[in-house]
Amino acid sequence: MSKGVALGFVETRGNTGAIQALDAMIKAANVEFVKRVEIGSAYVTIMVRGEVGAVRSSVEAGASAAAKVGELFCTNVIPAAHDDVYEIIGLEK
């Protein structure tokens, strides 16, 4: 992927918010769904990647959607993540 690729994360407490977030994220911008991770204690993280601006818009839309139906825990966007980040989350760059 190109240098302008970002990773975006939306973490919720509960599956309903995570599903709602993912739906909004994919519809809001041209991003690729990467992974869904169940962390424990009902926490679910949704990850997407794409161009930095698209990922930012996607994460904002996902956070808003998740907060309407469940508990939004946190969000994060990492522009041009280091190779080690990809390795930690089990993705190829």
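Since this is a predicted model, take the numbers as computed values, not measurements.

> Explain the sheet that holds strand 2 (residues 32–40) to me, please; I cannot follow it from the model alone.
Hydrogen bonds along the backbone pair up the strands of a sheet, which may run parallel or antiparallel. The four strands lie next to each other as 2-3-1-4, forming an open sheet whose pairing is antiparallel. At either margin of the open sheet sits one strand with a lone partner, and together these are strand 2 and strand 4 (71–79). Strand after strand, the sheet turns through a mean of 15° between neighbouring axes, direction not considered. Taken together, the seven bridges between strand 2 and strand 3 (residues 43–51) define a ladder with antiparallel strand orientation. By the bridge assignment for strand 3, R36 is matched with I46. Against the sheet, helix 1 (residues 15–28) makes contact with strand 1 (5–13), strand 2 and strand 3, and its axis sits at roughly 10° relative to strand 3, the strand it touches most. In the packing of helix 2 (residues 52–69) onto the sheet, the strands contacted are strand 1, strand 3 and strand 4, and the crossing angle to strand 4 comes to about 175°.

> Help me understand the pattern of salt bridges in this model?
Oppositely charged side chains may form a pair once their charged atoms are brought near each other. The final tally for this structure, using the stated rule, is four salt bridges. The shortest N-O distance in the salt bridge between R36 and E38 comes to 2.9 Å. R36 gets classed as partly exposed once you look at its relative accessible area, which sits at 35%. Of the charged contacts in the structure, one is a salt bridge between D83 and K93, with a shortest N-O distance of 3.1 Å. One end of the pair, D83, is in helix 3 (residues 83–88); the other, K93, is in the segment after helix 3, with 10 residues separating them in the sequence.

Reading the values: rules and limits
Residues numbered from 1 in each chain as written. Predicted model: local features only at pLDDT ≥ 70, side-chain atom pairs only at ≥ 80, totals over all residues. Heavy atoms only, no water. Pairing = 2+ DSSP bridges. Helix = DSSP H or I, 4+ residues; strand = E, 2+ residues; numbered from the N terminus. Axes fitted to C-alpha atoms, helices over the stretch in contact; angles between N-to-C directions. Contact = heavy atoms within 4.5 Å. Salt bridge = Lys/Arg side-chain N within 4 Å of Asp/Glu carboxyl O. Buried < 20%, exposed > 50% of the residue type's maximum accessible area, 1.4 Å probe, protein only.

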